[in-house]
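# Structural overview
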Amino acid sequence: MAILITGGAGYIGSHTCVQLISQGYKIVVVDSLSNSNIESLNRVSELTDTEFPFYNVNLLDPDSLERVFEENHIDSVIHFAGLKAVGESVLRPLDYYHNNLTGTFNLCKVMEKFHVKKIVFSSSATVYGNPKLVPIKEDAPLSATSPYGQTKLMTEQVLRDLFEADSGWSIALLRYFNPIGAHLSGRIGEDPTGIPNNLMPFISQVAIGKLDQLSIYGNDYATVDGTGVRDYIHVVDLAKGHIKALEHLMGTTGVEAFNLGTGKGYSVLQMVKAFEKATRTAITYSIAPRRPGDIAECYADSTKAKKVLGWVAEKEIEEMCRDTWRWQQRNPHGYKHDQVLT
Ligand code: UFG
């Protein structure tokens, strides 16, 4: 029996593959490689000394997906595949709704056909919209501030309805806070396309000289120092959360949401300082206007994940910064090693 990983070549997916294999699970990966690189999976194999089936399949192609289920004994799915850039989703809403929703519909239909009813879904703290209270608990009001956020919210609802219709399903909705860091080996990590949207890859590309300076989007929020506060979580801790969720699904049916965060908030300026300290580099920055759609503060109450899944985030901010930096230094161009730094 194997676990199907959709989007397994991506940032969180590849780290989860390593953890699953290390814990003795068999995996099958599907990925369209539209926003990821096959090299990440080569390195998963290298790190674990294990080969596994890979299918270059887009979830928008249900026939190819069916073949994956025909050729493998799949008993559960971890569903990462999807488009994920908030700003881009505002410009290309149809692509986001089509990819993220139709892709999930196709996946669930094929799962139903093959009587596979266990799924861990990559949701996001974005489903809390602009939270009124922090730390955020799972029962906080839900809303979306972008088409990307809507696709997460709508997918959660679809999966809840699926369970309502058939109580044989077992579903975990994992609401990620802000994943950063990389595998300790420095062999896999986050490889954004073009100029990074997210803070940590941006900082590390400034540190390595690919980008001139960081723009800090606003210093007039009602936070500790005026800059935005987020709950940064090490990607390896996050990956481990998926395994705990999967193990929980093995013995139960139902649909449950879990926050995966550390419960601690760091401001942008605190992150810049933490990165500088952990890596002994200097980050040039300037203050820029607020980024549209950004919120002041967002951090998790993850006590439910601790209680129900037996999961807690273990890694501190220094380790997150060091691991990000190791990956950036060893892979200045991400997985594309044929380019030179200019
Ligand atoms: N920031 C900057 N400069 C940058 C990039 C980010 O100042 O160049 C700031 C942002 O304003 C924010 C913080 O750094 O205060 C974190 O921004 P990120 O873009 O790294 O992350 P977000 O919290 O905006 O978004 C992330 C994911 C989303 C997800 C959301 C859930 O990218 O996919 O968390 O809370 F929906």
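Residues numbered from 1 in each chain as written. Predicted model: local features only at pLDDT ≥ 70, side-chain atom pairs only at ≥ 80, totals over all residues. Heavy atoms only, no water.

### Description of the site of the ligand
- Close to the ligand lie 20 residues, the nearest being Asn 198, Ser 215, Arg 230, Arg 291 and Asp 294.
- Between Ser 215 and the ligand, the recorded distance is 2.8 Å, taken from a backbone N or O atom to a nitrogen atom.
- Here the ligand loses 90% of its free accessible area of 680 Å² to cover by the protein chains.
- Looking at the shell around the ligand, the elements that each hand over two or more residues are helix H7 (199-207) and strand S8 (214-217).
- A total of four residues in the shell around the ligand trace back to one element, the largest contributor, which is S8.
- Residue composition of the shell around the ligand, by class: nine nonpolar, seven polar and four charged. (Near = heavy atom within 4 Å. Polar contact = N/O pair within 3.5 Å; in protein donor to acceptor, adjacent residues only side chain to side chain. Areas by Shrake-Rupley, 256 points an atom, 1.4 Å probe, with all protein chains shown as cover. Helix = DSSP H or I, 4+ residues; strand = E, 2+ residues; numbered from the N terminus. Nonpolar A, V, L, I, M, F, W, Y, C, P; charged D, E, K, R; others polar.)

### Regarding the environment of Val 110
- With respect to the helices and strands, Val 110 occurs in helix H5 (residues 93-113).
- It is 7.9 Å that separates the C-alpha atoms of Val 110 and Phe 69, two residues lying 41 residues apart in sequence.
- Once residues lying within four places of it in the same chain are set aside, the contact partners of Val 110 are Pro 62, Leu 65, Glu 66 and Phe 69. (Contact = heavy atoms within 4.5 Å.)

### A look at the sheet that holds strand S2 (residues 27-30)
- In spatial order, the strands read S3-S2-S1-S4-S5-S6-S11; together these seven strands make up an open sheet with parallel pairing. The open sheet terminates on both sides in strands that have one partner only, identified here as strand S3 (54-55) and strand S11 (254-260).
- In the sheet, S2 pairs with S3 via two bridges, with the strands oriented parallel. Bridge pairing links Val 30 to Tyr 55 in S3.
- Along the sheet face, helix H1 (residues 11-22) touches strand S1 (2-6), S2, strand S4 (74-79) and strand S6 (170-176) and points at about 165° away from the line of S2.
- Of the strands in this sheet, strand S5 (118-124), S6 and S11 touch helix H6 (residues 147-165), which is tilted by about 155° from S5. (Pairing = 2+ DSSP bridges. Axes fitted to C-alpha atoms, helices over the stretch in contact; angles between N-to-C directions.)

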